Amino acid sequence: MSWKSRGGEKTVSRRWTLLLCVGSFFTGLVFTNRMWMVPDAKDIIRTSKSKEQRKEVITERYYPKLMDQKEEARKILGENSTTDEDLQLLNKTISNLEMELAAARMAQESLLKHSPLAEEPKAINTSRRHKYFMVIGINTAFNSRKRRDSVRATWMPQGEKRKKLEEEKGIVIRFVIGHGATSGGILDRTIEAEDRKHGDFLRLNHVEGYLELSAKTRTYFATAVSLWDANFYVKVDDDVHVNIATLGTTLARHRLKPRVYIGCMKCGPVLARKGVKYHEPEHWKFGGVGNKYFRHATGQLYAISNELATYISINQHILHKYANEDVSLGSWFIGLDVEHIDDRKLCCGTPPDCEGKARAGNTCVASFDWNCSGICDSVDRIKEVHRRCGENESAIWNAVF
């Protein structure tokens, strides 16, 4: 190696500098074992098409809703109104935008990670643009055919009346059930035959089981909000009597509130001992022996607003499930800015309790027996409850929500 002197300092010649650079480059290739591969032109085109298709799905799914929310906010602001009602409506619109942006952000992350979106393009339901007032999901099981028939014979409208209820009042009512452990088995075929006769089922992508009620509840809200764009989503058991008009007028009072969770709030004991009903395997999370749960709505009937159902849909894969579904639902909202509304009309007793309240002009939303977690012997007794505590048949058609 030759050195040249310049001003008393030794420097490396240009030729040696070039050789050192080239040598360092090839040494780096050897150690990293990384070669530059030019992708095939077909792969580039295929990837670009896939990305473009995903972008189209994201745009089709979220852009119209964002534009609708933006237009709604523009109208409110354009009127220069300062009433509490308009401020609440504006707050709801902003919250809706935040939820939709969160959903769009998750979809964008899915695109960047080259992972499939939660739904294929064909699963997007364009009918969701129609606005409904509330969706009532009646939780049921495979062996509850008689309960379902007793509900159909009392408080749930049938045939053309149920269709009219959806079209004129924006109220959707469905029995909610998943699938059997054996897909396409006798249990599924029985429900399919019943659905062909009545057309009043919402089938979930869920395997039925008593220990899976938390997962079923989560799937119900996520599915319902994807099918029907409603103000409220209600869950009720199939052994509970409901007055639909009274339920509607009760929920309508909270229509302008963005995040509401309505029901009969309770905080029962956390049962640590194995073998008892409602045993909580994760009792240690709630403190020591004798502790109680946080406030949550009892599971016979509760309602949540659109934003909360959307929140469940977006985050369903990371929402924790406790042993009891009503506790699970309450836990999903415990850290959010949610208004808990305790309304005892949603948990009246059967006659004489609900009957006395009806005569006093305080009609109950729901009636059941606490000791049975529903109406005891509901198949035989729900007709009596309906006769003595049910609202007039014309009430739902005269109600304004």
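Further up the page is the structure itself.
Since the structure is predicted, the reported quantities are computational estimates derived from the model, not experimental observations.

## Points about the packing of aromatic side chains
Scanning the model with the defined rule gives 11 aromatic pairs in all. A centroid spacing of 4.8 Å and a plane angle of 0° characterise the contact between Phe 133 and Phe 401, whose relative ring orientation is stacked. With Phe 133 in strand E3 (residues 131-139) and Phe 401 in the segment after helix H13 (395-398), this residue pair connects regions lying 268 residues apart in the sequence. Look at Phe 401 and you get partly exposed, because its relative accessible area is 22%. With a centroid separation of 6.4 Å and an interplanar angle of 35°, the aromatic rings of Phe 221 and Tyr 302 are classed as tilted. Of this pair, Phe 221 sits in helix H7 (residues 213-227) while Tyr 302 sits in strand E9 (residues 296-305), and the two are 81 residues apart along the sequence. Owing to a relative accessible area of 0%, Tyr 302 belongs among the buried residues under this scheme. Every member of this aromatic cluster is reached through a ring pair, and the members are Phe 286, Tyr 293, Phe 294 and Tyr 322. Positioned over the ring face of Trp 397 is Lys 164, at 4.7 Å from the centre of the ring.

## A word on the sheet that holds strand E6 (residues 229-237)
The 7 strands lie next to each other as E5-E4-E3-E6-E9-E8-E10, forming an open sheet whose pairing is mixed. The open sheet has two edge strands, strand E5 (201-207) and strand E10 (339-342), and neither has a second partner. Sheet twist, expressed as the average angle between the axes of neighbouring strands with direction ignored, equals 25°. Here 6 bridges tie E3 to strand E4 (residues 171-179), and the two strands are oriented parallel to one another. Note that in E4 the partner of Ile 138 across the bridge is Phe 175. Relative to E4, helix H4 (residues 145-152) is tilted by about 175°, and along the sheet it contacts E3, E4 and E5. Across the sheet, helix H9 (residues 306-315) lies against E3, E6, strand E8 (260-266) and E9, angled at about 100° from E9, the strand it touches most.

Procedures and definitions
- Residues numbered from 1 in each chain as written.
- Predicted model: local features only at pLDDT ≥ 70, side-chain atom pairs only at ≥ 80, totals over all residues.
- Heavy atoms only, no water.
- Phe/Tyr/Trp six-rings, centres within 6.5 Å; stacked < 30°, edge-to-face > 60°.
- Helix = DSSP H or I, 4+ residues; strand = E, 2+ residues; numbered from the N terminus.
- Buried < 20%, exposed > 50% of the residue type's maximum accessible area, 1.4 Å probe, protein only.
- Lys NZ or Arg CZ within 6 Å of the ring centre and 35° of its normal.
- Pairing = 2+ DSSP bridges.
- Axes fitted to C-alpha atoms, helices over the stretch in contact; angles between N-to-C directions.
- Contact = heavy atoms within 4.5 Å.

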